[in-house]
Amino acid sequence: MTNMTIHTTALPLVDPVASLAFWRDAIGFEVRSEVGQGDMRWITVGPAGKPDTCILLSPPFADPGITEAERGTITEMMAKGTYGWILLASDDVDADFARIQQHDVEVIQEPTDQPYGVRDCAFRDPAGNTVRLRQV
């Protein structure tokens, strides 16, 4: 078996400036690349010291194959926070929650011991993506 890992996952962004502030300043990820201009920007971020793990923040409607009906569905799902999500890991959820909460973020759930044996919390990024943070 090969040594396979996840290199990049994608999440939609709506406001590149707000997304940068969230992922860089609140979460603490480093910006790896920025391509495009205005609302049509693709931004790659990731944890410092881990260059092989990335999140690509991209405009959800850049694909010319998306129909108007699909665009409407995506817009509705993003508004509800059900379109994009990611699960991050931390060795100290409470400390990271306190640090992240100091920024202008929407808290979905404060750190909680779940009945299935994990401690986690959750935020929404500026595009409505759910960001869960789990203690490891």
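Residues numbered from 1 in each chain as written. Predicted model: local features only at pLDDT ≥ 70, side-chain atom pairs only at ≥ 80, totals over all residues. Heavy atoms only, no water.

Asker: Can you help me understand the UniProt feature "domain: VOC" (unreviewed entry) in the protein in this one?
Answerer: The UniProt record marks residues 5-136 with the feature "domain: VOC" (unreviewed entry), using the residue numbering of this structure. The span residues 5-136 is 25% helical and 39% strand by assignment, and the distance between its end C-alpha atoms comes to 18 Å. (UniProt positions renumbered as here; feature names shortened; annotations may be inferred. Helix = DSSP H or I, 4+ residues; strand = E, 2+ residues; numbered from the N terminus.)

Asker: Can you help me understand the environment of Ala122 in this one?
Answerer: Note that Ala122 resides in strand S7 (residues 119-124). When the C-alpha atoms of Ala122 and Thr112 are compared, they prove to be 9.7 Å apart, with ten residues separating the residues in sequence. Those residues in contact with Ala122 that sit more than four places away from it in its chain are Glu106, Val107, Ile108, Gln109, Val131 and Arg132. (Contact = heavy atoms within 4.5 Å.)

Asker: Help me understand helix H3 (residues 93-101) in this model?
Answerer: The periodicity of an α-helix, 3.6 residues per turn, causes residues three or four places apart in sequence to face the same way. Among all positions of H3, only Val93, Phe97 and Ile100 are buried. Along H3, the residues classed as buried sweep out an arc of 70° about the axis, all on the same side. Packing partners of the buried residues in H3 comprise helix H1 (16-26), strand S5 (85-90), strand S6 (106-113), S7 and strand S8 (130-135). (Buried < 20%, exposed > 50% of the residue type's maximum accessible area, 1.4 Å probe, protein only. Arc of directions from axis to C-beta.)

Asker: Would you explain the sheet that holds strand S3 (residues 40-46) in this entry?
Answerer: In any sheet, the strands associate via hydrogen bonds between backbone groups, in a parallel or an antiparallel arrangement. Spatial ordering of the open sheet is given by S1-S4-S3-S2, a layout of four strands whose pairing is mixed. Of all strands in the sheet, those with a lone pairing partner are strand S1 (8-12) and strand S2 (30-37), marking the two edges. Adjacent strand axes in the sheet meet at a mean angle of 20°, parallel and antiparallel pairs treated alike. In this sheet, strand S4 (residues 54-58) lies alongside S1 in parallel orientation, the contact comprising five bridges. In the sheet register, Thr8 faces S4, and the bridge partner there is Cys54. Sheet strands in contact with H1 are S1, S2, S3 and S4, and its direction is about 0° off that of S3. (Pairing = 2+ DSSP bridges. Axes fitted to C-alpha atoms, helices over the stretch in contact; angles between N-to-C directions.)

Asker: So what exactly am I meant to see when it comes to the nonpolar core here?
Answerer: Membership of the largest hydrophobic core comes to 22 residues, with the highest contact counts inside it found for Phe22, Trp23, Ile55, Leu57 and Leu88. Top element by residues in this core is H1. It accounts for four residues. (Core = buried A, V, L, I, M, F, W, Y, C linked by side-chain atoms within 4.5 Å.)

Asker: It is not clear to me how the pattern of salt bridges should be interpreted in this structure. Could you clarify?
Answerer: Side chains bearing opposite charge may pair, as long as their charged atoms lie close to each other. Using the criterion set out here, one finds nine salt bridges in the structure. Residues Glu34 and Arg41 are paired through a salt bridge, measuring 2.4 Å at the closest nitrogen-oxygen approach. Accessibility expressed as a relative area gives 42% for Glu34, which makes it partly exposed. Overall, the relative accessible area of 16% leaves Arg41 in the buried class. Between Arg124 and Glu106 there is a salt bridge, and its shortest N-O distance comes to 3.8 Å. Of this pair, Arg124 sits in strand S7 while Glu106 sits in strand S6, and the two are 18 residues apart along the sequence. On the basis of relative accessibility, which here comes to 15%, the residue Arg124 falls in the buried class. Salt bridges linked by common partners bring Asp94, Asp113 and Arg119 together as one network. (Salt bridge = Lys/Arg side-chain N within 4 Å of Asp/Glu carboxyl O.)

Asker: Please explain the sheet that holds S7 as it appears in this structure.
Answerer: Sheet architecture is open: four strands sit in the order S5-S8-S7-S6, paired in mixed fashion. Two strands lie at the open edges of the sheet, namely S5 and S6, each paired on one side alone. Recorded for the sheet is a direction-independent mean angle of 15° between the axes of neighbouring strands.

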